[in-house]
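Now for the letters of each chain:
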Amino acid sequence: MNTLATPRNEALAPLPAGQRVFRWHDHASLWFSLGVGLLVMQVGAYLMPALGTQQALLAVVAGSVIGAGLLGWVAKIGCDSGLASAGLMHAVYGRRFAGLPIVLNIVQLVGWGTFELVVMRDATVAIGRQSGLLAAGAWPVAATLLWGGVVLLLISGSMVRLVRRVIARVALPLVVLSLLWLSWQFIAMAQAQGLAQIWQRRGDGGMGVMPALDLVIAMPISWLPLVADYARHGVSGAGALRGSWVGYALANIWCYCLGVLVALVLPSQDLVTALLLAQGGLLALSLILVDEVDNAYGDMYSGAVSAHSLRPRWSVRRWGLGLAALCTALALVLPMHSLEPFLLLLSSVFVPLFGVILGRLAFGVPAHAALQRAAGVHGLPVALWLAGIACYHLLPRALPALGAALPTLALCFALAYLTRPRG
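So, here is what we can say about the structure in this document. Here the structure is a predicted model, which is why all the values come from computation and not from measurement.

To continue, consider the overall build of the protein. Counting secondary structure elements, the protein contains 19 helices and zero strands. The globule rule puts the C-alpha radius of gyration for 423 residues at 22 Å, and the 21 Å found for the protein is close to it. For the protein, buried positions account for 55% of its 423 residues. A separation threshold of at least 6 residues defines the contact pool for the protein, and within that pool the share at least 24 residues apart is 88%. For the protein, the computed accessible surface area is about 17,600 Å², with 68% contributed by carbon and sulfur atoms. Side-chain charges in the protein split into 25 positive and 14 negative, and the spacing between the mean points of these groups amounts to 13 Å.

Here it is in structure tokens:
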């Protein structure tokens, strides 16, 4: 008799009701915290000077509301079903084929987790040098190991406790205070330069509103492959939808607007330097940097859940520790800033991927039942996904003013919804 029990695949089974503790404010705290980041502010600064101030504000608000709404929608499906993102992929694309998007997701999560460590390292060194410390050449290595060690420590514990005790009670109030302070400082600078003039400022025409909308939506959409991994811990689907939507939309709007404001007030400065120049900027940036840790943690935890779905003999915690160590090592040796275009290219495959998932599982379709009857490969969803990837990359060439993300997502959703099995 074989005494070795087959390990339970936690990613491909609904989370038991007893482990579902997140209420709407837990989702909101988590996604506000994940929505705040130096990378988001930097992308916000990219909107200038191509757009005018009013155009940029329109793109930021509309893109954040739409993108965070999609995030909340996937969160609701994950919460209602109790399935992780890997389970949703199995249900829609088939048990064998789902391995491909899951592997691609792991690769992009390792890439973005590594990139987050690089962003934190660079900001740490900039803060240290501004304060007269960290002048030695070895400090970037030390800073990388420091933040990698922090993520390793966090991922060795409970994700639920981290969200409810550390993020909601400690990190969130501190980062809100830092954002309030920085906003106050840069609004004062804008007022000194003439608020009316800045508000009426026109762009140089290097980017249209729809491509700018794509750029704003890119941030919330980049979290679509992760959101169900956290939302499945929710008590109700409605709470997961509301909390994720509101929390992320507020953070995304705030950070994008702050990035735009910094680019308007100090256009010749890079973002981190500009933040440090604000009164009290050293402390405020330090608090934002501490909050940045949860972005790296989020990538690595979700990557661990996805990896566990493929190889359940390793627990989620063990996979998380391995991926955190891998990201730290990659941050030491890879030129991540030059690899950012590749990561953005890889992320583009997940827009049509989740357009198809939403079209198949939205409006009350029981995802767990779909997973139970899933075949090896579901040909039509696979074909729609591949066609969606082609559409995403062809649209900017054929109709550059239209953007890529929203049309591709809408097309994949509509076709997947119209062709899904009935009854």
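Alright, that's what it looks like, and here's the rest.
A separate point is the side chain of Ser85. Turning to its location among the elements, Ser85 is positioned in helix H4 (residues 85-93). Among the residues examined, Ser85 registers a relative accessible area of 0% and is labelled buried. Non-local contacts of Ser85, meaning those with residues more than four positions away in its chain, are made with Leu224, Pro225, Leu226, Val227, Ala228 and Asp229.

Our focus in this paragraph is empty space enclosed by the protein. Here the structure, examined in full by the defined rule, presents one cavity of 30 Å³ or more. Reported here for the largest cavity is a volume of approximately 30 Å³. Counting only elements with at least two residues in the lining of the largest cavity, the list comes to helix H1 (24-35), helix H7 (159-193) and helix H13 (281-310). Examining the composition of the lining of the largest cavity, we find that three residues originate from one element, H13, more than from any other. Grouping the constituent residues of the lining of the largest cavity by class yields six nonpolar, one polar and one charged.

Moving on, we get to the nonpolar core. In a soluble, globular protein the nonpolar side chains are often hidden away together inside. Counting 136 residues, the largest nonpolar core has Trp31, Leu47, Tyr93, Phe186 and Leu275 as the members making the most contacts within it. Residue contributions to this core peak at 13 residues, all from helix H11 (residues 237-265). Leaving out residues up to four positions away in the same chain, Leu47 has contacts with Ala56, Val60, Met207, Ala212, Leu215, Val216, Tyr256 and Val260.

Cis peptide bonds are those with omega within 30 degrees of zero, and the linkage from Met48 to Pro49 qualifies with 5°. Along the chain, Pro49 falls in the loop between helix H2 (38-46) and helix H3 (53-81). Positive phi values are uncommon outside glycine, yet Phe363 reaches one of about 65°. Turning to its location among the elements, Phe363 is positioned in the loop between helix H16 (350-361) and helix H17 (367-372).

Our focus in this paragraph is the environment of Leu241. Tracing the backbone through its elements, the reader meets Leu241 in helix H11. Residue contacts for Leu241: discarding those within four places in its chain leaves Gly69, Gly72, Trp73 and Lys76.

Inspection of the secondary structure puts Leu276 in helix H12 (residues 271-277). Overall, the relative accessible area of 10% leaves Leu276 in the buried class. A sequence separation of 10 residues divides Leu276 from Ser286, and the C-alpha atoms of the two residues are 9.6 Å apart. Excluding residues within four positions of it along the chain, Leu276 makes contact with Ala126, Ile127, Gln130, Gly281, Leu282 and Leu285.

A few words on the state of the cysteines. The final tally for this structure, using the stated rule, is zero disulfides. No disulfide involves Cys257; its sulfur sits 9.5 Å from the nearest other cysteine sulfur, which is in Cys255. Here Cys391 stays unpaired: no disulfide links it, and the sulfur of Cys412, its closest cysteine neighbor, is 6.8 Å away. With a relative accessible area of 17%, Cys391 lands in the buried category.

Turning to a nonpolar patch on the surface, a few remarks are in order. A contiguous nonpolar surface patch, about 570 Å² in accessible area, is contributed by Leu57, Val61, Val65, Trp199, Trp245, Val246 and Leu250. For the nonpolar patch, the elements supplying multiple residues, two or more each, are H3 and H11. Within the secondary structure, Trp199 sits in helix H8 (residues 195-199).

A separate point is the packing of H3 against helix H9 (residues 209-222). Each packed pair of helices is defined by two parameters, the angle between the axes and the distance between the axes. Direction vectors running N to C along H3 and H9 enclose 40°, while the axes themselves pass 8 Å from each other. Here H3 is positioned oblique relative to H9, judged by the angle of their axes. Relative to H9, H3 is oriented so that their crossing is right-handed. Contacts from Gln55, Leu58, Ala59, Val60, Ala62, Gly63, Ser64, Ile66, Gly67, Ala68, Leu70 and Leu71 of H3 reach H9 at Val209, Ala212, Leu213, Val216, Ile217, Pro220 and Ile221.

Let's shift gears to H13. Look at H13: 44 Å from first C-alpha to last across 30 residues, which is about the 44 Å you get at 1.5 Å a residue. Burial of H13 is extensive: 24 of the 30 residues sit out of reach of the surface.

Using the criterion set out here, one finds 15 aromatic pairs in the structure. Relative to Tyr230, the ring of Trp31 has its centre 6.2 Å away and its plane inclined at 90°; by these criteria the two rings are edge-to-face. Of this pair, Trp31 sits in helix H1 while Tyr230 sits in helix H10 (residues 224-231), and the two are 199 residues apart along the sequence. Taken as a pair, Trp31 and Tyr230 share a single burial class, namely buried. Linked through ring pairs, Trp31, Trp223, Tyr230, Tyr248, Tyr297 and Tyr301 together constitute an aromatic cluster.

Moving on, we come to the pattern of salt bridges. If the charged atoms of two oppositely charged side chains come close together, the side chains can form a pair. Applying the stated criterion across every chain yields a total of three salt bridges. Asp26 is paired through a salt bridge with Arg164; the nearest N and O atoms lie 3.6 Å apart. You can see Asp26 sitting in helix H1 and its partner Arg164 sitting in helix H7, a full 138 residues away along the chain. For Lys76, the salt bridge goes to Asp80, with nearest N and O atoms at 2.7 Å.

Rules used throughout
- Residues numbered from 1 in each chain as written.
- Predicted model: local features only at pLDDT ≥ 70, side-chain atom pairs only at ≥ 80, totals over all residues.
- Heavy atoms only, no water.
- Helix = DSSP H or I, 4+ residues; strand = E, 2+ residues; numbered from the N terminus.
- Rg over C-alpha atoms; globule rule 2.2 N^0.38 Å.
- Buried < 20%, exposed > 50% of the residue type's maximum accessible area, 1.4 Å probe, protein only.
- Contact = heavy atoms within 4.5 Å.
- Areas by Shrake-Rupley, 256 points an atom, 1.4 Å probe, with all protein chains shown as cover.
- Lys, Arg positive; Asp, Glu negative; His and termini not counted.
- Charge placed at Lys NZ, Arg CZ, Asp CG, Glu CD.
- 1 Å grid on protein atoms, 1.4 Å probe; cavity = no way out; pocket = protein on both sides within 12 Å on 5 of 7 lines; lining within 4 Å.
- Points joined across faces, edges and corners; volume = space filled by probe spheres on them.
- Nonpolar A, V, L, I, M, F, W, Y, C, P; charged D, E, K, R; others polar.
- Core = buried A, V, L, I, M, F, W, Y, C linked by side-chain atoms within 4.5 Å.
- Disulfide = S-S within 2.5 Å.
- Patch = residues over 30% accessible without salt bridge, like charges linked within 9 Å, V, L, I, M, F, W, Y side chains within 5 Å.
- Salt bridge = Lys/Arg side-chain N within 4 Å of Asp/Glu carboxyl O.
- Axes fitted to C-alpha atoms, helices over the stretch in contact; angles between N-to-C directions.
- Parallel < 35°, antiparallel > 145°, perpendicular 65-115°, else oblique.
- Left-handed = near helix turned anticlockwise from the far one by under 90°.
- Expected span 1.5 Å × (residues − 1).
- Phe/Tyr/Trp six-rings, centres within 6.5 Å; stacked < 30°, edge-to-face > 60°.

Take it as geometry only, folks, not as evidence of what the structure does.
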